[in-house]
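# Working through the structure, step by step
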Amino acid sequence: MQVCNGEDVQQPGVLHERPLRGRGKQRPCDFCRVRKTRCLIIGSPPCFKCQKAKQPCTFQNPPLQHNDRGPVLQPSTTMVTRTSPLQNFTNDTAHLLQSQPQSQAVEWMNEPHFDDLTPSNGLSSPQPSFWNSFEFDTDGGTLLHIMEQEGFNSEFAFPEAVQNENYQPETEKPSDPLGTSFQGSQNANRAGVGIPSTDRLDLLPSETDQSDYSISFLNLSSEFDTNLRARYVFDQNGAFKAGLRTFRRTSDNPYRNAMLLVTPRSVTEKMADSLILIPEEPLISEFDPFRSNMVALFNRFVHPTYPISIFHETQSSSLSSRAVITMIYAYSWNWRSHDSHLPWAPYAGSHTGGNLPNINLLYKFVWQAISREMYAPSLATIHACLLFLHRIQPRSNFCETPFESSLLSSLVEISFSLGLHRNHTSWNLMSNEAKEDRQATWWLVYIQDKWLSAVMGRRPSIRDDDFDTPKPILKFSNLEVGNTRDPAPGGFAVPTVAETHLDLLLRLTDILGVILSDLTAWKAAERLLSDIDRALQTASDIESQLDSWRDVMLKSLNSLQLQSDTVHFGNLKIAYIYCRILVFRSVFRVTQNHIEFPRIFNDSVRFLDLVATELRTLTIEHFALFWFSWTRAQFNALTEFIVFLYTIAPVEQKDMIRAKVERHRQWLWIHSKYIKLTRVSLVRLDSLLSATDGKKLS
């Protein structure tokens, strides 16, 4: 070793120059390298640090070798190697057997304490035949692990291969990690997670009062392959239990079988807690003592027009059911004056005289409940969404926003997730009453999608090839309503108001779907511009369907047992007018400067006379009932259509059209004094007439 001490003494073999470490760089001495300090040498060694510390200044130790991944680290002798319990047992056993004669080792291995071995990490102990597969090698004195007998996975027995305790294979039963259990069914373990009782086939979580589980429908493109999952060995009730979920098939037919995924709500509740707090229920305790009165008002004024089944929600205490009840309170508030037993009845229509509840707080609770229930929706969630979309908003909130269409899209997706779009006829999981409720709910969502998309100028979310649910059997007489009709003198049952109204609304919705797809869709509109004859023929066919529908409506109104029930059909008359306006607008778009334009214009003028006749039939009793949220937009569309006819009218017909516009304005002005539905139309008409007179519309 070559050393330079602190004294400048010339000795044989001592370095007088600093060696290089490569690329012309001078290397530090061993003392400075260990301390990671600057090695300062003036002239020749020793360096300044070694001279001050009186340490030998050597350059013996070579520099560390580096690569692209950093310095090579040598394993420490004190590092503990991680091994599995099975490997530890194997090593201990091998050491013990090597220290004994072969005869004693074989005799010791056959003792029964091997059969009772349980690894320390809680994993299931192997079978006795597994441990008998160990054989002693007389030549090498080592323990051979013969695994061919049991097909054991060799990766399990070695370090870094300990199984994750949180992982649950789908074929293993969890040790109730979520704290859920089943009672009252001796077949619960065989039925699987998510089926509270296999003795009740109609006990689906979304159809009953059970709130411990939620279901979702698996489509053909789902992450869970329905073809693969259909090969599970289902039990007699069509259920297969996996680790944290249950798969249920809807029928025994493998070709038309649908698959449902049942998930514990304790899982979805944790997901909801990460984003949404459990909503508080303001004012609800104030309305609960009068629930029967509020439900009666709802069934009287709303249910005949919008037949949502609310019987199960009134009997349940789940969050979604509470949201439905809250919406019933908010709806019935508008007709509180019709029940003298309500404490708020004397203050109906006045803003003073009592501390009235703020109904907007009810709407906030419903929205928070809907947002939370989207993690595990049910039929009650859909009912709450449908009622929430038709809530009465203040006039200051009439501006166009994407909120309604976004909520509508969520509503449609929830319906698809619950499988409402599939034909339930062959499903053996639910009762006939539950099937009828699901069918009726799907068609209410379908109606909402078509009409709200039309007035908002957006494409419908539901296509005709997306579902195969048949139209419902119209039995919507709620048990609390008592509006069933006695048989007619001829022996035939007279349909209820709700049945008649829904039947007519479904028929008109089908026609609206044709209008949206054949006339107002962008690609369809572009095709009609290039083929005017086709556009006129399509419009003529749709007008024939609308005329036929109007004849059916008049016959249905005449068949009602009570003439006073006709007041529930005012919204259908406005919807019919709106459909005719859509047809005229589409035809005018393609026939500008066309030879057919005069004829179409004269037809539209005669249509204005029909509109005036229909509006005169609407009385205060009509507007005192429930109206759809899209009806306000339909009144606005009528107002703009009349002004549009005035702007395109020939010079010789302008005075006549202006007179019709003034008569319509007078009707709006008279009704806007006590009908909020028409006030916006009056304001819009005055604004458009001002723009027309000011030459801002040509």
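Residues numbered from 1 in each chain as written. Predicted model: local features only at pLDDT ≥ 70, side-chain atom pairs only at ≥ 80, totals over all residues. Heavy atoms only, no water.

Turning our eyes to something else, we now look at the overall build of the protein. When helices and strands are counted, the protein shows 25 helices and ten strands. On the protein, roughly 37600 Å² of surface is accessible, and the fraction owed to carbon and sulfur atoms is 50%. (Helix = DSSP H or I, 4+ residues; strand = E, 2+ residues; numbered from the N terminus. Areas by Shrake-Rupley, 256 points an atom, 1.4 Å probe, with all protein chains shown as cover.)

The next point concerns the nonpolar core. Of all hydrophobic cores here, the largest spans 143 residues; its most connected members are Phe287, Tyr306, Trp451 and Phe588. Here this core takes 14 residues from helix 20 (residues 570-590), the largest share from any one element. If we skip the residues at most four places from it in the chain, phenylalanine 588 touches Phe597, Ile600, Phe601, Ser604, Phe641, Phe644, Leu645 and Ile648. Leu218, Phe247, Met259 and Leu261 belong to the second-largest nonpolar core, a separate cluster that totals nine residues. (Core = buried A, V, L, I, M, F, W, Y, C linked by side-chain atoms within 4.5 Å. Buried < 20%, exposed > 50% of the residue type's maximum accessible area, 1.4 Å probe, protein only. Contact = heavy atoms within 4.5 Å.)

Turning our eyes to something else, we now look at helix 20. Its 21 residues place the ends of helix 20 32 Å apart at the C-alpha level, agreeing with the 30 Å of an ideal helix rising 1.5 Å per residue. In terms of burial, helix 20 is largely enclosed, as 19 of its 21 residues are buried. (Expected span 1.5 Å × (residues − 1).)

To continue, consider the side chain of serine 681. Within the secondary structure, serine 681 sits in helix 25 (residues 679-693). Among the residues examined, serine 681 registers a relative accessible area of 0% and is labelled buried. Setting aside residues no more than four positions away along its own chain, serine 681 makes contact with Arg632, Phe635, Asn636, Thr639 and Leu668.

Over its 15 residues, helix 13 (residues 359-373) runs 21 Å from end to end, which matches the ideal 21 Å to within 8%, given 1.5 Å per residue. Buried-residue contacts for helix 13 involve helix 8 (265-273), helix 9 (284-287), helix 12 (319-332) and helix 14 (379-389).

Now for the pattern of salt bridges. Enumeration according to the criterion identifies 23 salt bridges in this entry. A salt bridge links aspartate 466 to arginine 463; its shortest N-O distance comes to 3.2 Å. Between arginine 658 and glutamate 662 there is a salt bridge, with the nearest N and O atoms lying 3.2 Å from each other. Taken together, the residues arginine 658 and glutamate 662, both in helix 24 (residues 654-671) and four residues apart, mark about one turn of the helix. Linked by salt bridges that have partners in common, Glu596, Arg599, Asp603 and Arg606 make up one network. (Salt bridge = Lys/Arg side-chain N within 4 Å of Asp/Glu carboxyl O.)

Side chains of Ile620, Trp669, Ile670 and Tyr674 sit close together on the surface and give an oily, nonpolar patch of about 400 Å² of accessible area. Among the secondary structure elements, isoleucine 620 is positioned in helix 22 (residues 620-623). (Patch = residues over 30% accessible without salt bridge, like charges linked within 9 Å, V, L, I, M, F, W, Y side chains within 5 Å.)

Overall, antiparallel pairing links the four strands, which are arranged 7-10-9-8 in an open sheet. In this open sheet, the two edge strands, each paired with only one partner strand, are strand 7 (213-218) and strand 8 (239-241). Strand-to-strand twist of the sheet, defined as the mean angle between neighbouring strand axes without regard to direction, takes the value 25°. Sheet topology note: the strand 7/strand 10 (residues 259-264) ladder contains six bridges and is antiparallel. By the bridge assignment, leucine 218 is partnered in strand 10 with methionine 259. (Pairing = 2+ DSSP bridges. Axes fitted to C-alpha atoms, helices over the stretch in contact; angles between N-to-C directions.)

Along the chain, tyrosine 375 falls in the loop between helix 13 and helix 14. Sequence-wise, tyrosine 375 and alanine 272 are 103 residues apart; in three dimensions their C-alpha atoms are separated by 6.5 Å.

To continue, consider the environment of leucine 505. Locating leucine 505 in the fold gives a position in helix 17 (residues 497-520). Classification of leucine 505 by relative accessible area gives buried; the value is 3%. Taking the C-alpha atoms as reference points, leucine 505 and tryptophan 549, separated by 44 residues in sequence, lie 10.0 Å from one another.

Attention now moves to the environment of alanine 525. Relative to the elements of secondary structure, alanine 525 occurs in helix 18 (residues 522-530). Taking the C-alpha atoms as reference points, alanine 525 and alanine 535, ten residues apart in sequence, are found 8.7 Å from one another. Among residues more than four places away in sequence, those in contact with alanine 525 are Leu519 and Arg589.

What follows concerns the confidence of the model for the protein. Confidence in the prediction of the protein, expressed as mean pLDDT, is 74, and 69% of residues score 70 or more. The lowest-confidence element of the protein is helix 6 (residues 188-191), averaging 29 in pLDDT; the highest-confidence one is helix 20, averaging 95. Counting contacts from residues 105-210, a segment whose pLDDT is below 50, to residues more than four positions away or on other chains yields 187 contacts. (pLDDT = per-residue confidence, 0-100.)

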